Amino acid sequence: MHIPKTHWAKVHFALIVPTVTDRLIQQAIYQVLMPIFEPEFSDDSYGFRPIRSAHHAIYQAQEYIQAGYRVVVDMDLEKFFDTVEHDVLMHKVARRVKDKDVLHLIGKISPIRREYQRTRSIDA
C-alpha cells in the first residue's frame, strides 16, 4: 500500500504501509539474507541487528568512556535508501546471493526500486 503524504513544509513524501503478505515475504527474504550478510557487519553496528539494540549501543559507549575514550560517534543512514541506486545495490547483493528466485523476488517487492524508478522517470 502506498499512501501519499504531505509534510508541513509542503515537501511531498510517501508513506509505505506493508500488507500482511508483504511482511511475510520480507521476513522470508530476511531469513535467507541474514546469515549471508550478518557476519560482514561491524561489531560496533547496533541498528536492526539480531540480539542488539540501542540499549546495547549505549552500554558499549559507556564501556568505551570508562576505558578512557572521550569521543562517541553516532551515525544514522536514515536517507540511504532514498538515494541508493537500486541496480548497483542489487548487483552487489547478487554477488553473494546465487538464488535467482530470491533476487527476482527482492526486485519485485522492493519499494526502493519502485521509488527509484518513479523518481528517475519524473526527473528524465
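Residues numbered from 1 in each chain as written. Predicted model: local features only at pLDDT ≥ 70, side-chain atom pairs only at ≥ 80, totals over all residues. Heavy atoms only, no water.

Engineer: Whenever I open this one, the packing of aromatic side chains confuses me. Can you help?
Structural biologist: Across all of its chains, the model carries 1 aromatic pair by this definition. Aromatic pair Tyr64 and Tyr69: ring centres 5.4 Å apart, planes at 70°, arrangement edge-to-face. For Tyr64, a relative accessible area of 32% corresponds to the partly exposed category. Of note, Arg52 hangs over the ring of Tyr46, and the distance from its end group to the ring centre comes to 5.3 Å. (Phe/Tyr/Trp six-rings, centres within 6.5 Å; stacked < 30°, edge-to-face > 60°. Buried < 20%, exposed > 50% of the residue type's maximum accessible area, 1.4 Å probe, protein only. Lys NZ or Arg CZ within 6 Å of the ring centre and 35° of its normal.)

Engineer: Before we go on, may I ask you to explain the environment of Asp44 in this structure?
Structural biologist: Relative to the helices and strands, Asp44 is located in the loop between helix H1 (20-37) and helix H2 (54-66). In this structure Asp44 comes out as partly exposed when scored by relative accessible area, which is 49%. A sequence separation of 16 residues divides Asp44 from Gln60, and the C-alpha atoms of the two residues are 8.4 Å apart. Within the local environment of Asp44, its side chain forms a polar contact with the side chain of Tyr64, the two groups lying 3.1 Å apart. (Helix = DSSP H or I, 4+ residues; strand = E, 2+ residues; numbered from the N terminus. Polar contact = N/O pair within 3.5 Å; in protein donor to acceptor, adjacent residues only side chain to side chain.)

Engineer: Mind showing me how you'd approach unusual backbone geometry here?
Structural biologist: Backbone geometry follows two general trends: most residues other than glycine have a negative phi, and most peptide bonds adopt the trans configuration. Here the phi dihedral of Ile51 falls at roughly 60°; this positive angle occurs in a residue that is not glycine. Secondary-structure assignment places Ile51 in the loop between H1 and H2. Note on Ile51: relative accessible area 80%, which makes it exposed.

Engineer: Sorry if this is basic, but what is going on with the confidence of the model for the protein chain here?
Structural biologist: Caution is warranted with low-pLDDT regions, since their predicted coordinates should not be read in detail. When pLDDT is averaged across the protein chain, the result is 79; 75% of the residues are at 70 or more. Per-residue pLDDT stays below 50 along residues 119-124; that stretch engages in 0 contacts with residues further than four places along the chain or on separate chains. (pLDDT = per-residue confidence, 0-100. Contact = heavy atoms within 4.5 Å.)

Engineer: Could you clarify how one ought to interpret helix H4 (residues 86-96) in this entry?
Structural biologist: Because an α-helix completes one turn every 3.6 residues, residues spaced three or four positions apart along the sequence face the same direction. Among the residues of H4, those classed as buried are His86, Met90 and Val93. Angularly, the buried residues of H4 cover 60° about the axis, an arc narrow enough to put them on a single face. Away from its buried face, by an angle of more than 90 degrees, H4 presents the exposed residues Asp87 and Arg95. (Arc of directions from axis to C-beta.)

Engineer: Even after reading the chapter, I still don't get H2, so can you show me in this structure?
Structural biologist: Its 13 residues place the ends of H2 19 Å apart at the C-alpha level, agreeing with the 18 Å of an ideal helix rising 1.5 Å per residue. The N-cap of H2, judged by a side-chain oxygen 3.2 Å from the amide nitrogen of His55 a few residues on, is Ser53. Count one or two residues on from H2 and you reach Gly68, which has phi positive near 110°. (Expected span 1.5 Å × (residues − 1).)

Engineer: Would you explain the packing of H4 against helix H5 (residues 100-109) in this entry?
Structural biologist: Running from amino to carboxyl end, H4 crosses H5 at an angle of 160°, the nearest separation of the two axes being 11 Å. Compared by their axis directions, H4 and H5 come out roughly antiparallel. Note on packing geometry: the crossing formed by H4 with H5 is right-handed. Together, His86, Met90, Val93 and Ala94 of H4 and Leu103, Ile106 and Gly107 of H5 make up the contact between the two elements. Here the contact of H4 with H5 is built from residues that sort into 5 nonpolar, 2 polar and no charged. (Axes fitted to C-alpha atoms, helices over the stretch in contact; angles between N-to-C directions. Parallel < 35°, antiparallel > 145°, perpendicular 65-115°, else oblique. Left-handed = near helix turned anticlockwise from the far one by under 90°. Nonpolar A, V, L, I, M, F, W, Y, C, P; charged D, E, K, R; others polar.)

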